[in-house]
Amino acid sequence: MSRFLNSRYSALEAYVPGEQPQDKAYIKLNTNELPYPPSPEVLAALGKGALEELRLYSDPACGRLREKLASFYGCKKECVFVSNGSDDILNFAFMAFGKNGAAFADITYGFYPVFAELNGVAAKIIPLRPDFTIDPRDYYGLNRLVLIANPNAPTGVALPVEEIERVARQNPDGVVLVDEAYVDFGAQSCVKLTRKYDNLIVCMTYSKSRAMAGARLGFAIANPSLIADIDLLKYSTNPYNVNRMTLLCGEAALDSEAYYREKCALVAKTRDAAAKELQEMGFYVLPSKANFLFVKKDGFCGERLYKSLKECGILVRHFKAERIRDFVRITVGTPEDMDILLENIAQTAQGR
Ligand SMILES: *Cc1c(COP(=O)(O)O)cnc(C)c1O
């Protein structure tokens, strides 16, 4: 740290992303990417003409993509905000709506506490129940920025839409942000509720179900006045925050709904099969509606399992937080990836 850094940031603990090895040496089950490539329409989206246009700035309003997302999700264009990954939207939400503080679970997306700290937003941390479910009643009457990842990460556990609706209704004076990064793998979306509740934002991403983590594209759907607030912050920081290539790929992906629906269904099927096998091997597996499994086994140290799998060429994610240190989070890969994983876990168990 230099002596020039604003003291406001000297205690900031940055988010630690999962490992991103730059070789192909691993079966990569650690950052919840889709194991399949983007759709054929996306692969064809960037011709020579599009690349030549890179000399021009991108459309700061992201007009065409917002139009397409609006018709895809059945809302008005004014209800859609597009961003450089959904992490950006989360940051804007803390900036814009965190005046009275924020509230989120003790076990949830690790970026929330970082954004709270970064923006000087006081955070109320609400413990999950012993079975790692959210008790929605803990979120009533908070009237500050409430963040709920649904399905939650890294647990994969989802809440029904009616429960989230109650949280929105019980916090009329606070914004409720539902982070639906994993919704396409089997949970229910709250998008429709954004028409009814002027305090509800639904945040989604192309990084997981649309196989575009490397393109950095996220979006939010909410009442137009909330979108206008986030827009104010975007235009005050980086108006061209989504590049031309990503915009074109994002538009093309919306022409491929059948492709993505099929891949998400395949991932869900692979997930459920792997969950069953892990349970048969004696693992405790949280019921996941996401594209990952959160698992532990008595007598297995989470960190040791992570390390021994890494030695076998398989990357999974381990978190050091006290309550979940026994677990590992396993992204659902192809059926072949999962076979190799399960075989290695079985061997690890034997060699113990
Ligand atoms: C992956 C993830 C995001 C954000 O991903 P981006 O790549 O920035 O769009 C947001 N929330 C949760 C819970 C995630 O797991």
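Shown above is the structure to which this text applies.
Before going into details, it helps to say that this report is about the structure given with it. (Residues numbered from 1 in each chain as written. Predicted model: local features only at pLDDT ≥ 70, side-chain atom pairs only at ≥ 80, totals over all residues. Heavy atoms only, no water.)

**Focus: the overall build of the protein**
For step 1, the next point in the chain: Counting its secondary structure elements, the protein contains 11 helices and 12 strands.
For step 2, the next point in the chain: Of all 352 residues assigned to the protein, the portion counted as buried reaches 53%.
For step 3, the next point in the chain: Once local pairs closer than 6 in sequence are excluded, the contacts in the protein between residues at least 24 apart make up 71%.
For step 4, the next point in the chain: For the protein, the exposed surface amounts to about 16500 Å²; the carbon and sulfur share of it is 51%.
For step 5, the next point in the chain: Each charge class in the protein was averaged separately, 43 positive and 43 negative side chains, and the resulting centres sit 2 Å apart. (Helix = DSSP H or I, 4+ residues; strand = E, 2+ residues; numbered from the N terminus. Buried < 20%, exposed > 50% of the residue type's maximum accessible area, 1.4 Å probe, protein only. Contact = heavy atoms within 4.5 Å. Areas by Shrake-Rupley, 256 points an atom, 1.4 Å probe, with all protein chains shown as cover. Lys, Arg positive; Asp, Glu negative; His and termini not counted. Charge placed at Lys NZ, Arg CZ, Asp CG, Glu CD.)

**Some thoughts on the pairing of strand β8 (residues 218-222)**
For step 1, the next point in the chain: Among the 5 residues in β8, 5 count as buried, and that is most of the element.
For step 2, the next point in the chain: Going residue by residue along β8, you find G218, A220 and A222 tucked away on one face and F219 and I221 tucked away on the opposite face as well.
For step 3, the next point in the chain: Looking at chain direction, strand β2 (residues 80-83) and β8 are connected through 4 bridges and run antiparallel. Among the inter-strand pairings, V82 is bridged to a residue of β8, identified as F219.
For step 4, the next point in the chain: Pairing of strand β7 (residues 200-205) with β8 involves 5 bridges; the strand directions are antiparallel. Across the sheet, V202 pairs through a bridge with I221, a residue of β8. (Pairing = 2+ DSSP bridges.)

**A closer look at the sheet that holds strand β12 (residues 328-331)**
For step 1, the next point in the chain: Ordered by their spatial adjacency, 3 strands build an open sheet running β9-β10-β12, and the pairing between neighbours is antiparallel. Strands at the two margins of the open sheet, each flanked by one partner only, are β9 (284-285) and β12.
For step 2, the next point in the chain: Those strands touched by helix α9 (residues 257-280) are β9, β10 (292-296) and β12, and its axis lies near 10° from that of β10. (Axes fitted to C-alpha atoms, helices over the stretch in contact; angles between N-to-C directions.)

**Structural notes on the environment of L232**
For step 1, the next point in the chain: The residue L232 is located in helix α7 (residues 224-237) in this model.
For step 2, the next point in the chain: Here L232 falls in the exposed class, since its relative accessible area comes to 55%.
For step 3, the next point in the chain: For the pair L232 and F92, spaced 140 residues apart in sequence, the C-alpha to C-alpha distance is 9.5 Å.

**Examining the sheet that holds strand β6 (residues 176-179)**
For step 1, the next point in the chain: One open sheet holds the 7 strands; their spatial order is β2-β8-β7-β6-β5-β3-β4, and the pairing between them is mixed. The strands lining the two open edges of the sheet, one partner per strand, are β2 and β4 (123-126). On average, each strand axis in the sheet is tilted by 20° relative to the strand beside it, whichever way the strands run.
For step 2, the next point in the chain: Across the face of the sheet, helix α6 (residues 161-169) comes into contact with β5 (145-149), β6 and β7 while running at roughly 155° to β6.
For step 3, the next point in the chain: Helix-sheet contacts for α7 involve β2, β7 and β8, and the interaxial angle to β2 is about 25°.

**A closer look at helix α4 (residues 86-97)**
For step 1, the next point in the chain: For α4, spanning 12 residues, the distance from its first C-alpha to its last is 16 Å, which sits close to the expected 16 Å at 1.5 Å a residue.
For step 2, the next point in the chain: Burial analysis of α4 places 9 of its 12 residues in the buried class, which makes it a mostly covered element.
For step 3, the next point in the chain: Every buried residue of α4 is accounted for by S86, D87, I89, L90, N91, F92, A93, F94 and F97. (Expected span 1.5 Å × (residues − 1).)

**Examining the site of the ligand**
For step 1, the next point in the chain: Around the ligand, the neighbouring residues are G85, S86, D87, Y109, D179, A181, Y182, T205, S207, K208 and R216.
For step 2, the next point in the chain: Here D87 contributes a side-chain N or O atom positioned 3.1 Å from an oxygen atom of the ligand.
For step 3, the next point in the chain: The protein chains hide 93% of the 380 Å² of surface that the ligand would expose on its own.
For step 4, the next point in the chain: Taken together, the residues that form the shell around the ligand break down as 3 nonpolar, 4 polar and 4 charged. (Near = heavy atom within 4 Å. Polar contact = N/O pair within 3.5 Å; in protein donor to acceptor, adjacent residues only side chain to side chain. Nonpolar A, V, L, I, M, F, W, Y, C, P; charged D, E, K, R; others polar.)

**Digging into the side chain of N30**
For step 1, the next point in the chain: Turning to its location among the elements, N30 is positioned in the loop between β1 (27-28) and α1 (40-43).
For step 2, the next point in the chain: By relative accessible area, which is 1% here, N30 ends up buried.
For step 3, the next point in the chain: For N30, the side chain forms a polar contact with the main-chain oxygen of E19, separated by 2.8 Å.
For step 4, the next point in the chain: Once residues lying within four places of it in the same chain are set aside, the contact partners of N30 are G18, E19, L315, V316, R317, R329 and T331.

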